[in-house]
Amino acid sequence: MTVYTESFNKADSTTLGPDLTWTEATGDAEVKSNKWSNVTAGADVHTRAEHDVSGDAMYTQAIVNVVSGATNFSVKTRYDSAAQTFYQFEGNAAGSYYRIVKCVAGTFTNLGSDQSFTWSASTNYTCRIEANGSVVTVSVNGGGTYQQSDSAITGKTRGGLGSNSGVAGDVTFDSFEVGDLAPAATVS
């Protein structure tokens with residue numbers, strides 16, 4: 001099993017890291033106060049950790065904190081190494097929901113329905129997305145799991161983070177992790 005982690009523990013910097021290599025695919029994010037922080041306001045920010053896990057049965061998770069409570073944020077899995085293709089856990093603090101979104105070559109599609117959830121400002125939440133075969137599962141703080149089936153994205157093995165906030169510095173992430181899901185037990 002392969003697992004990569006990012007602490008973001010370094011001096012404030014315009015480049016993400018220090019534990020992993022990152023690409024800012026769209027928008028701008030940087031390290032502030034030992035956390036991933038959005039710089040771009042009013043547009044999408046998509047960042048990708050440039051490390052492949054062993055297969056596309058994988059998960060991505062991170063601790064998110066939304067300062068004002070009026071923004072979107074995302075945790076991405078099965079992120080393509082060269083295109084805007086991924087599944088994402090998308091939280092919306094202003095709309096009080098989370099959902100599963102598919103992005104294929106920059107075209108976004110909601111999978112299923114919005115799940116009601118009240119995001120409190122300045123509170124840490126562990127957000128996780130898993131892709132296992134055609135089943136995509138999201139959860140908040142280890143509970144409230146929600147699943148959808150989709151088979152459009154396969155063979156992609158990276159994770160990422162993102163936001164869309166009207167305020168720079170409104171979204172922070174910490175304790176990023178991307179890894180393989182444990183293989184299913186074999187019964188003989």
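Our structure is the block above this text.
My aim in this report is to walk through the structure given alongside it, one point at a time. Note that this is a predicted model, so its numbers are computed, not measured.

**Details of the side chain of Glu6**
Reasoning step 1: Along the polypeptide, Glu6 turns up in strand β1 (residues 3-6).
Reasoning step 2: There is no salt bridge for the buried Glu6, and the closest opposite charge comes from Lys10, which lies 7.4 Å off by N-O distance.
Reasoning step 3: Setting aside residues up to four positions removed in sequence, Glu6 forms contacts with Gly17, Pro18, Asp19, Leu20, Trp22, Ser175 and Phe176.

**Focus: the layout of surface pockets**
Reasoning step 1: The space that makes up the largest pocket amounts to roughly 160 Å³.
Reasoning step 2: Lining the largest pocket are 15 residues, and of these Asp44, Asn72, Gln88, Glu90 and Phe108 lie nearest its centre.
Reasoning step 3: Those elements giving two or more residues to the lining of the largest pocket turn out to be β5 (44-49), β7 (71-79), β8 (86-92), β9 (97-104), β10 (107-116) and β14 (158-165).
Reasoning step 4: Classifying every residue of the lining of the largest pocket gives four nonpolar, eight polar and three charged.

**Quick look at the packing of aromatic side chains**
Reasoning step 1: On inspection of all chains with the given rule, the structure shows 12 aromatic pairs.
Reasoning step 2: Seen from their ring centres, Phe86 and Phe108 are 6.1 Å apart, and the 65° between their planes marks the pair as edge-to-face. Of this pair, Phe86 sits in strand β8 while Phe108 sits in strand β10, and the two are 22 residues apart along the sequence.
Reasoning step 3: According to the relative accessible area criterion, Phe86 is buried, its value standing at 0%.
Reasoning step 4: Its relative accessible area of 37% is what places Phe108 among the partly exposed residues.
Reasoning step 5: Here a set of aromatic residues connected by ring pairs shows up, and it is made of Phe73, Phe89, Tyr98, Phe117, Trp119 and Tyr125.
Reasoning step 6: Here the basic side chain of Arg128 rests over the ring of Tyr59, its NZ or CZ set 4.0 Å away from the ring centre.

Conventions we followed
Residues numbered from 1 in each chain as written. Predicted model: local features only at pLDDT ≥ 70, side-chain atom pairs only at ≥ 80, totals over all residues. Heavy atoms only, no water. Helix = DSSP H or I, 4+ residues; strand = E, 2+ residues; numbered from the N terminus. Buried < 20%, exposed > 50% of the residue type's maximum accessible area, 1.4 Å probe, protein only. Lys, Arg positive; Asp, Glu negative; His and termini not counted. Salt bridge = Lys/Arg side-chain N within 4 Å of Asp/Glu carboxyl O. Contact = heavy atoms within 4.5 Å. 1 Å grid on protein atoms, 1.4 Å probe; cavity = no way out; pocket = protein on both sides within 12 Å on 5 of 7 lines; lining within 4 Å. Points joined across faces, edges and corners; volume = space filled by probe spheres on them. Nonpolar A, V, L, I, M, F, W, Y, C, P; charged D, E, K, R; others polar. Phe/Tyr/Trp six-rings, centres within 6.5 Å; stacked < 30°, edge-to-face > 60°. Lys NZ or Arg CZ within 6 Å of the ring centre and 35° of its normal.

Just distances and angles here, no functional claims.
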